Amino acid sequence: MTDVIKGYHAHIYFNEETYPVAESVIEKANQLFDVTVGRMHRKPVGPHPEWSCQLAFKNEEFAKLIPWLALNRKGLTVFTHPLTQDDLKDHTDYALWMGSIEPLNLKIFQ
């Protein structure tokens with residue numbers, strides 16, 4: 001079953017107040033892991049209800065990056081999902097949350 005997972009996205013949520021914290025977490029993750037860092041969105045984008053930045057990574061990084069984020073997210077919410085070509089399930093059934101679970105805008109997947 002895991003062969004259908006083509007990679008992962010970890011979305012780090014932040015706001016005006018926590019922007020510097022998010023920036024430092026993302027910068028450190030970029031230094032330590034093989035990730036592709038997306039833009040720091042200062043508005044909700046896609047299904048995400050908060051400002052966010054995406055870390056894209058391959059399956060091989062999961063076992064290293066996710067535990068690191070769990071211990072180093074500095075109170076930020078991190079939403080992680082696989083890439084299986086089923087966007088709705090990726091963002092619901094297969095999703096992982098660290099911190100508060102935020103309501104996603106799932107209408108974009110219908």
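Preceding this paragraph is the structure being described.
We now turn to the structure provided with this report. Since the model is a prediction, treat every value here as computed from it, not as a measurement.

Calculation notes
- Residues numbered from 1 in each chain as written.
- Predicted model: local features only at pLDDT ≥ 70, side-chain atom pairs only at ≥ 80, totals over all residues.
- Heavy atoms only, no water.
- Helix = DSSP H or I, 4+ residues; strand = E, 2+ residues; numbered from the N terminus.
- Contact = heavy atoms within 4.5 Å.
- Pairing = 2+ DSSP bridges.
- Axes fitted to C-alpha atoms, helices over the stretch in contact; angles between N-to-C directions.
- Phe/Tyr/Trp six-rings, centres within 6.5 Å; stacked < 30°, edge-to-face > 60°.
- Buried < 20%, exposed > 50% of the residue type's maximum accessible area, 1.4 Å probe, protein only.

Within the element layout of this structure, Gly 7 appears in the segment before strand S1 (8-14). C-alpha of Gly 7 to C-alpha of Glu 61: the two residues are 54 residues apart in sequence and 9.1 Å apart in space. When sequence neighbours within four positions are dropped, the list of residues in contact with Gly 7 reads Phe 57, Lys 58, Asn 59, His 81, Pro 82 and Leu 83.

The subject of this paragraph is the sheet that holds strand S3 (residues 51-57). The strand order S2-S3-S1-S4-S5 describes an open sheet built from five strands, whose pairing is antiparallel. Two strands lie at the open edges of the sheet, namely strand S2 (35-37) and strand S5 (96-98), each paired on one side alone. On average, each strand axis in the sheet is tilted by 20° relative to the strand beside it, whichever way the strands run. One ladder, built from five bridges, connects S1 with strand S4 (residues 78-82); its direction is antiparallel. Looking at the pairing, His 9 lines up with His 81 of S4. Packed onto the sheet, helix H1 (residues 19-32) meets S1, S2 and S3 and runs at close to 155° relative to S1.

The tally for this structure, following the rule as stated, stands at seven aromatic pairs. Aromatic side chains Phe 14 and Trp 51 sit 6.1 Å apart centroid to centroid with 80° between the ring planes, which places their arrangement in the edge-to-face category. Pair noted here: Phe 14 is in strand S1 and Trp 51 is in strand S3, with a separation of 37 residues, a long-range link. Across the pair, exposure class does not vary: Phe 14 and Trp 51 are buried alike. Linked through ring pairs, Tyr 8, Phe 57 and Phe 62 together constitute an aromatic cluster.

Bringing unusual backbone geometry into the picture now. If you check the backbone angles, Lys 74 has positive phi at about 55° while not being a glycine. Note on placement: Lys 74 falls in the loop between helix H2 (59-72) and S4. At Gln 85, a position not held by glycine, the phi torsion is positive, near 80°. Looking at where Gln 85 falls in the secondary structure, it is placed in the loop between S4 and helix H3 (87-91).

Burial analysis of S3 places five of its seven residues in the buried class, the great majority of the element. Two strands pair when backbone bridges link them, and S1 and S3 are joined in this way by seven bridges, in the antiparallel orientation. The residue of S3 that forms the bridge with Ile 12 is Cys 53. Relative to S3, S2 runs antiparallel, the two being bridged by three bridges. Across the sheet, the residue bridging to Val 35 is Phe 57, located in S3.

From the geometry alone we can't say anything about function, so treat these as descriptive.
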